[in-house]
Structure formats: C-alpha cells, structure tokens
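Working through the structure, step by step
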Amino acid sequence: MKLDTKFMLETFIDVLGGVPVTLKITVVTLLVSVPAGFMMALSRAGNGRLGRRIIIAYVSLIRGTPVVLQILFLYSLLPTLLNYLIKEILGLEYNIFRVDPILYAYIVFILNTTAVLSEVFRSALSTVNQGQMEAALSIGMTKTQAYIRIIVPQALVAALPNICNTTVSLLKSTSLAFMMTVRDITAIAKIDASFGYNYLEAYLVIFFAYILLCSLVQGVFYLTEHSVSSYRREKAIRKAPVMQNG
C-alpha cells in the first residue's frame, strides 16, 4: 500500500489550525483543575468526615467510568434533559443545543482532571513530614501561613512528575473532543480524510501531531523539574557551611 504523502502534508498543515483548540482545552482545564484538585486534597486531609466522603465518592465515580461514557452522558443525554426542563417545565424558549460544544469539552475534562489531580496532590502532601506543620505552629505561624510557606512548595515539587503525566494524559484525551463536534486536531484530520477515504494517512498525521505536542509538554516539565532541583541543591549547599560552623 502506497501512502498519499501529498495528502499527509496538506492534512498536517490543516491540523496545525486545530492545535490552538487542543491547547486551549488543555490549558483551561488545568487552570481550573489544579486549584480545585489541590483544595480537594486539602479537604481530604482535614477533619470533615462528610466532605471527605463526598470527595472520595466523586473521585471513585469519575475514575471508575470511561471518558467516552461521560462524554455521551454530558453531551448527548444531559442537553436533552435540560432542554425538556427548560421548555416543558420552566416554559422558557432558550435553545440549549446552541451552546458552544467546547463548553461540554471543558466540563468533561475538568471533571476528570480534577479527580486525578486531587489524588496526585493528596499523595504529594503525604510526603511532607507533619512535624514541619507542628514546628511552624510552634513559632507563631498560622495554619494557612504554614501551608503557603512550607507545606505547599514542598508538595508541589513532589507532585511535578505526576502533574506532568496528568497533563500529557489530558492532552491525549482531548482527541475525544471530536465526539462533541469540537474542531480539534482529530476532527480536522478525520474531516479531511472523509473526502478521499485517506483514513490511514490521517491517523498517521494525528499520531505525529500528538507525539510532537506531548514531547513539547514533557520538555517543559523536564526543564521545570531541573530548575527546581538545581535551586534545591544550591540552597542545600548554602546551608551546609552554616550547619558546619554551628
């Protein structure tokens, strides 16, 4: 079988137009999910039993169901139910089906990523010795100050590798946005392929596009981890003479 390289080149150029949409979904999802996931992790570490049980149930539900099923529910079933509620029960004329499909993509990926990151941050927080919190409180810091100045920075450093993995997984999962008629990388390539049935070439283009994007993301996180580890080493070296003199 001979590949249509001309089609692949043309499709790759077209696919570049979908990169901003893919990155937009990824960035917006992270901007919402990172603080939400961190707050959920803190809540699970707190004393509230009810809140902890609700969060555990949420995480179990989201992580225990396929993303495709969640898309079918939120994009297909939920709008139909909302349309019936708005028109038949409330008597309003608003057309729920005119909502921008990318909003459904945001909801699906935010729900998933928040659940994953809550576990990432919970694990990272558990790596910080609780004695540091007690020491901070003993010198007059409030619990909030101790978290901001001591606990959170250490937890974020420990969480960086898993945040990178979550970001890469999120970036790859956005390829399912085409199911919600979002014109991302996958949707554009599949539309181009439908005219001449060049699906093999289109899938190869999608493959290379995501390889490039995921490699870029991993490179950014690698540089971030390297910078953080270098800063920690320099800080440790500066402290060493002080400890020796003491």
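For the structure itself, consult the block above.
All values reported here derive from a predicted model rather than from experimental measurement.

**Quick look at the nonpolar core**
A general tendency of soluble globular proteins is for nonpolar side chains to be buried together. In this structure, Val15, Phe121, Leu125, Ala159, Ile163, Ile185 and Phe221 are the most contacted members of the largest nonpolar core, which totals 37 residues. Of all the elements in the fold, those that place two or more residues in this core are α1 (5-16), α2 (19-45), α5 (101-126), α6 (130-138), α7 (143-173), α8 (185-196) and α9 (199-245). At 10 residues, α7 tops the list of elements feeding residues into this core. Ignoring anything within four residues of it in the chain, the contact list for Phe121 reads Val34, Gly37, Phe38, Ala41, Leu156, Ala159 and Ile163. With 18 residues, the next largest nonpolar core counts Ile86, Val99, Ile102 and Tyr104 among its residues.

**Some details on the packing of α6 against α7**
Packed helices, taken two at a time, are described by their axes: the angle between them and the distance between them. Packing of α6 against α7 brings their axes to within 9 Å, and their N-to-C directions diverge by 145°. Judged by the twist between their axes, the crossing of α6 over α7 is right-handed. Facing α6, whose interface residues are Gln132, Met133, Ala136 and Leu137, α7 presents Lys143, Ala146, Tyr147, Ile150, Ile151 and Gln154. The residue makeup of the contact of α6 with α7, split by class, is 7 nonpolar, 2 polar and 1 charged.

**Overview of the packing of aromatic side chains**
Per the stated rule, a full pass over the model turns up 5 aromatic pairs. Centre to centre, the rings of Phe207 and Phe208 are 5.4 Å apart; their planes meet at 75°, and the pair counts as edge-to-face. One aromatic cluster in this structure is built from Tyr197, Tyr199 and Tyr203.

**Notes on α7**
Its 31 residues give α7 an end-to-end C-alpha distance of only 37 Å, which falls more than 12% under 45 Å, the value for a rise of 1.5 Å per residue. Considering bend angle alone, the principal kink of α7 is centred on Leu160 and spans about 50°; proline Pro161 follows within four residues of it.

**With respect to the state of the cysteines**
Within this structure, the stated rule accounts for 0 disulfides. Not part of a disulfide, Cys164 finds its nearest cysteine sulfur in Cys214, a span of 9.5 Å. Exposure remark for Cys214: the relative accessible area of 7% places this residue in the buried category.

**Regarding the pattern of salt bridges**
In this structure the tally under the stated criterion is 3 salt bridges. The closest approach of N and O atoms between Arg44 and Glu119, which form a salt bridge, is 2.4 Å. Here Glu119 lies in helix α5 and Arg44 lies in helix α2, a separation of 75 residues in the sequence. Under the relative-accessibility criterion, Glu119 is labelled buried at 17%. Note that Arg122 is salt-bridged to Glu119, the shortest N-O span being 3.0 Å.

Conventions adopted
Residues numbered from 1 in each chain as written. Predicted model: local features only at pLDDT ≥ 70, side-chain atom pairs only at ≥ 80, totals over all residues. Heavy atoms only, no water. Core = buried A, V, L, I, M, F, W, Y, C linked by side-chain atoms within 4.5 Å. Buried < 20%, exposed > 50% of the residue type's maximum accessible area, 1.4 Å probe, protein only. Helix = DSSP H or I, 4+ residues; strand = E, 2+ residues; numbered from the N terminus. Contact = heavy atoms within 4.5 Å. Axes fitted to C-alpha atoms, helices over the stretch in contact; angles between N-to-C directions. Left-handed = near helix turned anticlockwise from the far one by under 90°. Nonpolar A, V, L, I, M, F, W, Y, C, P; charged D, E, K, R; others polar. Phe/Tyr/Trp six-rings, centres within 6.5 Å; stacked < 30°, edge-to-face > 60°. Expected span 1.5 Å × (residues − 1). Bend = angle between axes of the 7 residues up to and from the residue. Disulfide = S-S within 2.5 Å. Salt bridge = Lys/Arg side-chain N within 4 Å of Asp/Glu carboxyl O.

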